[in-house]
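Coordinate analysis (summary)
Okay, here's what each chain looks like letter by letter:
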Amino acid sequence: IAGKRRGTGVAFFDPEHQRAMQRRLDIEQRLKDALQNDNIEIFLQPKYTVEDSRLSGFEALVRWTDSDLGRVFPDEFVAVAEQSSLGFELDKYVIGVFLNIVQENAANNRKVLPIAVNITANHFADTGFGVFLLNELTKRDLHPSAIELEITEGVIMERSRTAYENLALLRENGIRIAIDDFGTGYSSLSYLRNLEVDELKIDRSFIEEVLTAHGSALVQSVIQIAKAFGITVVAEGVETEDQLNALRSMGCDYCQGYLLARPMPAAQALSLL
Ligand code: C2E
Ligand code: MG
Ligand code: MG
Ligand code: MG
């Protein structure tokens, strides 16, 4: 009987579960402070052409080290924020810091390469998001081509009307949209039929396998489909020369990864220009 009861209604007393809940609460609490105290930083990871490893842009990645919790990774705290009321707050904060960096870049460099920012699904589906972002650009006198947005497949799959409206509005105004972690969502071929985005970022898990027979077939197919649709392709998480060579032979457009550059403080990244 005891065995039968386990795992039914007693999850509350499961110490593992309780630790996870406590961790979430801690992160939420500390993150709130961090946002108030400007304790959150943005790193930039350079993006390169596959053809000749030329710098082609950057991706903004949020970084947070808490005095108690130590370094917390974005995969963890972005998810916690999204499940709490802090989701928009974090995104808006990140966008603010991000736009300051874009503005500084536009002011100091003759050559302006686009900087991409990750937008959570909830925020992208928010009614005011598109207008908010366009206003922010106007306020700062920034050209839409100075930025790019990365969203996940989930945003497209959920078919939320406001998300589509935002997508259309932002693209009409010249902002490029990328699908991040492509291939890891519940993608189906039918959603590729009307894929109205500018860029696909093939998830790192596929690049890890790009030297195997099946892996290379998959990546090659995605690149071909994207090309047929006029969509550019970025390979995420390129770590070895062999992977880069394979991607080059497949005609992949851009790449990111530790092989070429890790995420680094914004000033350091922009000095590469
Ligand atoms: P992502 O947008 O797919 O970002 C790529 C992640 O892969 C980054 O992890 C980056 O540091 C890491 N990476 C890049 N090259 C390599 C490589 O060669 N090998 C390996 N193993 N990893 C590589 P990071 O910075 O920890 O971010 C994780 C995720 O958290 C991001 O995945 C994104 O979904 C989310 N995230 C990060 N920053 C933000 C942000 O400012 N706003 C939002 N909403 N989400 C963010
Ligand atoms: Mg990304
Ligand atoms: Mg990604
Ligand atoms: Mg990712």
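Here, every reference points to the structure presented above.
Residue numbers run consecutively from 1 along every chain, following the written order of its sequence. A letter from A marks each chain and a number from 1 marks each ligand, given out in the order of writing. The model is predicted, so local features are restricted to residues of pLDDT at least 70 and side-chain atom pairs to those at 80 or more, both for listing and for counting; the totals for chains, interfaces and linings are taken over all residues. For side-chain calculations, the full set of non-hydrogen atoms in the structure is used, while hydrogens and water are omitted.

1. Looking at the packing of helix 2 (residues 15-36) against helix 3 (residues 74-83)
Just so we agree on the cut-off: For helices, the fitted axis covers only the stretch in contact; all axes are lines through C-alpha atoms, and the angles between them, taken along N-to-C directions, range from 0 to 180 degrees. Runs of H or I in DSSP of at least four residues are treated as helices and runs of E of at least two as strands, each being numbered from the N terminus. Any angle that is under 35 degrees is reported as roughly parallel, and any over 145 degrees as roughly antiparallel; angles of 65 to 115 degrees are reported as roughly perpendicular and all others as oblique. Only heavy atoms matter for contacts: two residues are in contact if any of them lie within 4.5 Å across the pair. Note on residue classes: Ala, Val, Leu, Ile, Met, Phe, Trp, Tyr, Cys and Pro are nonpolar, Asp, Glu, Lys and Arg are charged, and everything else, Gly too, is polar.
Across the interface, helix 2 lies against helix 3 with an axial gap of 10 Å and an inter-helix angle of 85°. Judged by the inter-axis angle, helix 2 sits roughly perpendicular to helix 3. Residue-level contacts link R23, R24, I27, E28 and L31 of helix 2 to E76, F77, V80, A81 and Q83 of helix 3. Class assignment for the residues of the contact of helix 2 with helix 3 results in 5 nonpolar, 1 polar and 4 charged.

2. A look at the environment of V72
Spelled out, the test is: Using a 1.4 Å probe on the protein chains alone, a residue whose accessible area is under 20% of its type maximum counts as buried, one over 50% counts as exposed, and one in between counts as partly exposed.
Mapped onto the secondary structure, V72 falls in strand 3 (residues 70-72). Looking at V72, the relative accessible area reads 2%, which means it is buried. Along the primary structure V72 and D52 are separated by 20 residues, whereas in three dimensions their C-alpha atoms are 35 Å apart. Setting aside residues no more than four positions away along its own chain, V72 makes contact with R23, I27, W64 and F77.

3. Thoughts on the nonpolar core
How we decide: For this analysis, a nonpolar core means a set of buried residues of the types Ala, Val, Leu, Ile, Met, Phe, Trp, Tyr and Cys, connected via side-chain atoms within 4.5 Å.
The biggest cluster of nonpolar side chains holds 77 residues, and the ones touching the most others in it are L44, F124, I147 and L149. In terms of residue count, helix 4 (residues 87-108) provides more of this core than any other element does, 8 residues in total. Residue contacts for L149: discarding those within four places in its chain leaves V117, I119, F124, F129, L133, L170, I175, R176, I177 and A178.

4. Examining the pairing of strand 6 (residues 176-182)
The test is simple: The pairing criterion is simple: DSSP has to find at least two bridges between the two strands.
Summarising burial for strand 6: 5 of the 7 residues are buried, a large majority. In the sheet, strand 5 (residues 147-152) pairs with strand 6 via 5 bridges, with the strands oriented parallel. Bridged to E148 within strand 6 is R176. In this structure, strand 6 lies alongside strand 7 (residues 199-202), joined through 3 bridges in parallel fashion. Within strand 7, the residue paired with F182 across the bridge is I202.

5. Comments concerning the side chain of E199
Put simply, the test is: For the purposes of these results, a polar contact is taken to be a pair of N or O atoms within 3.5 Å, where, inside protein, one atom must be able to donate a hydrogen and its partner to accept one; residues adjacent in sequence count only when each atom of the pair is a side-chain atom.
Following the sequence through the fold, E199 ends up in strand 7. On the accessibility criterion, E199 (2% relative accessible area) is buried. Engagement of the side chain of E199 in a polar contact is seen with the side chain of K47, the distance being 3.0 Å. If we skip the residues at most four places from it in the chain, E199 touches K47, E148, R176, I177, A178, I179, I231, T232 and V234.

6. Brief notes about the environment of V117
With respect to the helices and strands, V117 occurs in strand 4 (residues 115-118). Separated by 97 residues in sequence, V117 and A20 place their C-alpha atoms 29 Å apart. Discounting chain neighbours no more than four positions away, the residues touching V117 are V94, F98, E148, L149 and E150.

7. Focus: the coordination of the magnesium ion (ligand 3)
As a benchmark, a tetrahedral metal site with four donors has ideal angles of 109.5 degrees, while an octahedral site with six donors has ideal angles of 90 or 180 degrees. How we decide: Coordination shells were defined by N, O and S atoms within 2.8 Å of each metal, extended to 3.2 Å for Na, K and Ca; water is absent from the atom set, which can make sites look incomplete.
At the metal site, the magnesium ion (ligand 3) is ligated by D180 (OD), D181 (OD), E236 (OE) and E236 (OE), and these contacts range over 1.9 to 2.6 Å. Mapped onto the polypeptide sequence, the residues donating to the magnesium ion (ligand 3) form the spacing pattern D-D-x54-E. Separation of the magnesium ion (ligand 3) from the magnesium ion (ligand 2) amounts to 4.0 Å, with D180 serving as a shared donor to the pair. Residue D180 is located in strand 6, and its partner E236 is located in the loop between strand 8 (232-235) and helix 12 (241-249); the two are separated by 56 residues in the primary sequence. In terms of burial, D180 and E236 fall into one category: buried.

8. As for the site of ligand 1
The test is simple: In this text, near means that some heavy atom of the residue lies within 4 Å of the molecule or strand in question. Per-residue and other accessible areas were derived by the Shrake-Rupley procedure at a 1.4 Å probe size, with only the shown protein chains allowed to occlude residues.
Surrounding ligand 1, one finds 23 residues, the nearest of these being R63, N118, D180, E239 and Y258. With respect to ligand 1, the backbone of Y258 contributes an N or O atom lying 2.7 Å from an oxygen atom. When the free accessible area of ligand 1 is taken as 790 Å², the share hidden by the protein chains comes to 86%. Ranked by the residues each element gives to the shell around ligand 1, the list is headed by strand 2 (residues 55-66), at 4 residues.

9. Considerations on the packing of aromatic side chains
For the record, the criterion: What counts as a ring pair is set by centres within 6.5 Å for rings of Phe, Tyr and Trp (its six-membered ring), and what kind of pair is set by the plane angle: stacked under 30 degrees, edge-to-face over 60, tilted for all other angles. Lysine NZ or arginine CZ positioned within 6 Å of the ring centre and within 35 degrees of the ring normal marks a charge as sitting over the ring.
One pass over the structure, following the stated rule, counts 2 aromatic pairs. Look at W64 and F77: their rings are 5.3 Å apart centre to centre, the planes differ by 85°, and that puts the pair in the edge-to-face class. In this pair, W64 sits in strand 2 while F77 sits in helix 3, placing the two residues 13 residues apart along the sequence. The burial state of W64 is the same as that of F77; both residues are buried. Ring geometry for F124 and F129: centres 5.5 Å apart, planes at 50°, overall tilted. Both residues of the pair, F124 and F129, belong to the buried class. In this arrangement the basic side chain of R262 is found over the ring face of Y258, its NZ or CZ atom lying 3.8 Å from the centre.

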